[in-house]
Amino acid sequence: MTNDYSLPLRLKNRVSMSHPVQIKNALISVYYKDNLEPIIHELNRLGVQLYSTGGTETFIRSLGAEVIAVEDLTSYPSILGGRVKTLHPKVFGGILARRNFESDGQQLAQYEIPEIDLVIVDLYPFEETVKSGAGQDDVIEKIDIGGISLIRAAAKNFKDVVILASKDDYLELGEILKTQDGSTSIDQRRSFARKAFNITSHYDTAIFDYFNQDAQLPVFKQSIQKSQVLRYGENPHQKGVFYGNLDAMFTKLHGKELSYNNLVDVDAAVALIDEFTEPTVAILKHTNACGIASRSFIKEAWMDALACDPVSAFGGVIIANDEIDAETAREINKIFFEVLIAPAYTDEAVQVLREKKNRIILIRQKVELPVKQFKTLLNGVIEQDKDLVIEGPEQMKTVTNRQPTAHELKDLFFANKVVKHTKSNTIVFAKNNQLMASGVGQTSRVDSLKQAIIKAESFGFDLNGAVMASDAFFPFNDCVEIAAGAGITAVLQPGGSIKDQDSVSMADQKGISMVMTGIRHFKH
């Protein structure tokens, strides 16, 4: 049964939630004044009383609009070098007062506090200051105190107050002022409040990250403002969103939007190609390289990358680290692929590649990439450093009687780069800076090896004189024995098994060389 007094209270709250609010008084204090002028003119047309501080006050006066300085409202000047300007009951009282609470209204009248219906405030550019490399003192001064307090107060009282916390919302507010004559709905105010709390949350995360650069406080916080809704996730019945700024990473020349699976493959492709400095092309399927080659010219690299596994290349993601010319484009144009990425294309190459409708053509831009990786797992998140280590010839310790030749060391380096970016358990065969075959994602290392041999033979590769790389140690000597029988002459592995010597002895028995790096490259 409903209590007698509860129904009127609920009705009163319902009315307060749905009724429009007319803007009569506005507080404006912003760092960025771009596109603010039309709003000032519109508020002035509507007869709204403006309150402001500092540079914003000067800007408003320059537009011919009347404005009251916050110092005149509070009877206190800006102090401490501008650190304290708006932190006063006469400001926050006018923002936080609940219009449907009679006692709040009485206190406003008692202390001569105007109701503030609109707050336009942004925040000092903290992130930009950090990125500029500024010293600690300059960074600390860009931690906003008054602004973020005003935003939170206005957003909290969204039932009665409009909060605008970003210049990105100026156009939306301007349209509302024009079409609704200074009146706002509860849905509009709630929407602005949602955006405001997003801004303050992101701002606080950036400040925390600055103070926690040494990770002394082990907590997980991420805040990424830009997002792109994807067609779907990994499968059509799953929703997908990318959080980040793809436009900063790539310039799209042609094709549809990247899908969830495209993005996963593109991420793997970027990580792989960044291991190489000489002209290189890689083809990936399901994050694994099915073809990769380094050559003096990009067309040669493409032809030899495709030769690795022309069957798996169908529908793949292609990435190059050098400009794609027209001749190379014509060769690439002969197969179906999902995505092509390169740092540049000639105009003629672009025309060739645009001949087919759905393929995605991207120019990769130079942007700083994260050095951490994380993903949801069970009821939490796991995070790790990216695997940014790669062992070259100088880190390869020969453990067999036979020393690898200079040519083999070069191929082992190439193979090690590929194996690092291939799903475990994995075995990679390479010769002359070309992937010959790989065994990918098998539950036993010997199965990966056998898979690689079958693939190499199926595409006509001669493994005699080729090298083999393994992402982890050999628990038994069978892999070395089988590889030697297939023609492999040099083997790279991290070592670390209690039975390492068995594999070394087998290599000596077969007359092949083996190097150990001491670094494992599992990839799950």
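Residues numbered from 1 in each chain as written. Predicted model: local features only at pLDDT ≥ 70, side-chain atom pairs only at ≥ 80, totals over all residues. Heavy atoms only, no water.

Asker: Outline the overall build of the protein, listing residues and values.
Answerer: Looking only at helices and strands, the protein features 20 helices and 23 strands. Here the C-alpha atoms of the protein give a radius of gyration of 32 Å, more than 25% beyond the 24 Å that 2.2 N^0.38 yields for 524 residues. Each principal axis of the C-alpha distribution contributes one length, and for the protein these read about 100 × 60 × 55 Å. A total of 524 residues make up the protein; the buried ones form 47% of that total. Summarising the internal contacts of the protein: among those between residues at least 6 apart in sequence, 56% fall at separations of at least 24. For the protein, the accessible area works out to roughly 26,900 Å², and carbon and sulfur atoms hold 52% of it. Within the protein, the 67 negative side-chain charges are centred at a point lying 4 Å from the centre of the 57 positive side-chain charges. (Helix = DSSP H or I, 4+ residues; strand = E, 2+ residues; numbered from the N terminus. Rg over C-alpha atoms; globule rule 2.2 N^0.38 Å. Buried < 20%, exposed > 50% of the residue type's maximum accessible area, 1.4 Å probe, protein only. Contact = heavy atoms within 4.5 Å. Areas by Shrake-Rupley, 256 points an atom, 1.4 Å probe, with all protein chains shown as cover. Lys, Arg positive; Asp, Glu negative; His and termini not counted. Charge placed at Lys NZ, Arg CZ, Asp CG, Glu CD.)

Asker: Tell me what's going on with the side chain of Glu42, and back it up with residues and numbers.
Answerer: If you trace the backbone, Glu42 turns up in helix H2 (residues 37–45). Within the structure, Glu42 has its side chain in polar contact with the side chain of Arg45 (distance 2.4 Å). Look past the residues within four positions of Glu42 in its chain and what remains in contact with it is Leu177 and Lys178. (Polar contact = N/O pair within 3.5 Å; in protein donor to acceptor, adjacent residues only side chain to side chain.)

Asker: Any chance you could break down the nonpolar core for me, citing the residues and the numbers?
Answerer: In this structure, Ile39, Leu43, Leu50, Ile95, Val119, Ile120 and Ile163 are the most contacted members of the largest nonpolar core, which totals 55 residues. Beyond its immediate sequence surroundings of up to four residues, Ile39 is in contact with Ile120, Leu164, Tyr170, Leu173, Gly174 and Leu177. Of all hydrophobic cores here, the second largest spans 38 residues; its members include Val270, Phe276, Ala415 and Val428. (Core = buried A, V, L, I, M, F, W, Y, C linked by side-chain atoms within 4.5 Å.)

Asker: An account of the pairing of strand E21 (residues 467–470) is requested, with residue identities and associated values reported.
Answerer: Burial of E21 is two-sided: the residues Val467 and Ala469 facing one way and the residues Met468 and Ser470 facing the other way are all buried. Pairing of strand E19 (residues 427–430) with E21, which is carried by four bridges, proceeds in the antiparallel orientation. What sits directly across from Ala430, in E21, is Val467. As judged from the three bridges shared by E21 and strand E22 (residues 490–493), these two strands associate in the parallel manner. The residue bridging Ala469 from the neighbouring strand is Leu492, located in E22. (Pairing = 2+ DSSP bridges.)

Asker: Describe the packing of helix H19 (residues 478–486) against helix H20 (residues 500–510), and please don't skip the residues or the numbers.
Answerer: Running from amino to carboxyl end, H19 crosses H20 at an angle of 20 degrees, the nearest separation of the two axes being 8 Å. On the basis of the axis angle, H19 is roughly parallel to H20. Along this stretch, H19 crosses H20, giving a crossing that reads as right-handed. When H19 is examined against H20, the residues Val480, Glu481 and Ala484 are found in contact with a partner set consisting of Ser503, Met506, Ala507 and Lys510. Of the residues that constitute the contact of H19 with H20, the class distribution is four nonpolar, one polar and two charged. (Axes fitted to C-alpha atoms, helices over the stretch in contact; angles between N-to-C directions. Parallel < 35°, antiparallel > 145°, perpendicular 65-115°, else oblique. Left-handed = near helix turned anticlockwise from the far one by under 90°. Nonpolar A, V, L, I, M, F, W, Y, C, P; charged D, E, K, R; others polar.)

Asker: Please give an account of helix H9 (residues 146–156) that cites residues and values.
Answerer: Across the 11 residues of H9, eight count as buried, placing the element largely inside the fold. Along H9, the positions that sit buried rather than exposed are Gly146, Gly147, Ile148, Leu150, Ile151, Ala153, Ala154 and Ala155. Buried residues along H9 sit against strand E2 (25–29), helix H5 (89–96), strand E5 (118–121), strand E6 (162–164) and helix H11 (186–211).

Asker: Which residues make up the pattern of salt bridges, and what values do they have?
Answerer: Here the structure, examined in full by the defined rule, presents 21 salt bridges. Measuring nitrogen to oxygen at the nearest pair gives 2.6 Å for the salt bridge that ties Arg295 to Asp304. Here Asp304 falls in the partly exposed class, since its relative accessible area comes to 23%. The partner of Lys372 in a salt bridge is Asp385, and the shortest N-O contact between them spans 2.6 Å. With Lys372 in strand E16 (residues 372–377) and Asp385 in strand E17 (residues 380–385), this residue pair connects regions lying 13 residues apart in the sequence. Assessed through its relative accessible area of 42%, Lys372 is described here as partly exposed. (Salt bridge = Lys/Arg side-chain N within 4 Å of Asp/Glu carboxyl O.)

Asker: So what about the sheet that holds strand E13 (residues 316–320)? Which residues, and what values?
Answerer: Strand-to-strand pairing in sheets goes through backbone hydrogen bonds, with the strands running parallel or antiparallel. If you trace the six strands from one edge of the open sheet to the other, you get E10-E15-E14-E13-E11-E12, paired in mixed fashion. Each end of this open sheet is capped by a strand with a single partner; those strands are strand E10 (250–254) and strand E12 (288–294). Neighbouring strand axes in the sheet, compared pairwise and without regard to direction, differ in orientation by 20 degrees on average. Pairing geometry for strand E11 (residues 280–285) and E13, over four bridges, is antiparallel.

Asker: Break down the packing of helix H18 (residues 445–458) against H19 for me, with residues and values.
Answerer: Angle between the axes and distance between the axes: these two values describe a pair of packed helices. Where H18 contacts H19, the two axes come as close as 9 Å, and the packing angle between them is 10 degrees. The orientation of H18 relative to H19 falls into the category roughly parallel. Residues Arg445, Val446, Leu449, Lys450 and Ile453 of H18 form the contact with H19, whose participating residues are Asp478, Cys479, Ile482, Ala483 and Ala486. Grouping the constituent residues of the contact of H18 with H19 by class yields seven nonpolar, no polar and three charged.

Asker: Go over the side chain of Asp411 with me, naming the residues and quoting the values.
Answerer: Of note, Asp411 is situated in helix H17 (residues 406–420). Despite being buried, Asp411 has no salt bridge partner; Lys410 is the closest side chain of opposite charge, sitting 7.1 Å away. Other than its neighbours up to four places away in sequence, Asp411 contacts Ala430, Lys431, Asn432, Asn433 and Val467.

Asker: Kindly report on the confidence of the model for the protein, identifying the contributing residues and their values.
Answerer: For the protein, per-residue confidence averages 92 on the pLDDT scale, and 97% of positions sit at 70 or higher. The low-confidence segment residues 1–17 (pLDDT under 50) makes nine contacts with residues lying over four places distant or belonging to another chain. (pLDDT = per-residue confidence, 0-100.)

Asker: Any details on the sheet that holds E21? Residues and values, ideally.
Answerer: Here we have six strands laid out as an open sheet, ordered E18-E23-E22-E21-E19-E20, and mixed in their pairing. Bordering the open sheet on either side are strand E18 (397–398) and strand E20 (435–439), each of which pairs with just one other strand. Sheet analysis places E22 next to strand E23 (residues 513–516), joined by four bridges and oriented parallel. Residue pairing for E23: Gln493 is matched across the bridge by Met516.

Asker: Please set out unusual backbone geometry residue by residue, giving values where relevant.
Answerer: Following Ser424, the chain continues to Asn425 via a peptide bond in cis, the omega torsion being -15 degrees. Positive phi values are uncommon outside glycine, yet Leu378 reaches one of about 50 degrees. One can find Leu378 in the loop between E16 and E17. Here Asn432, not a glycine, exhibits a phi torsion of approximately 55 degrees, which is positive. In this structure, Asn432 sits in the loop between E19 and E20.

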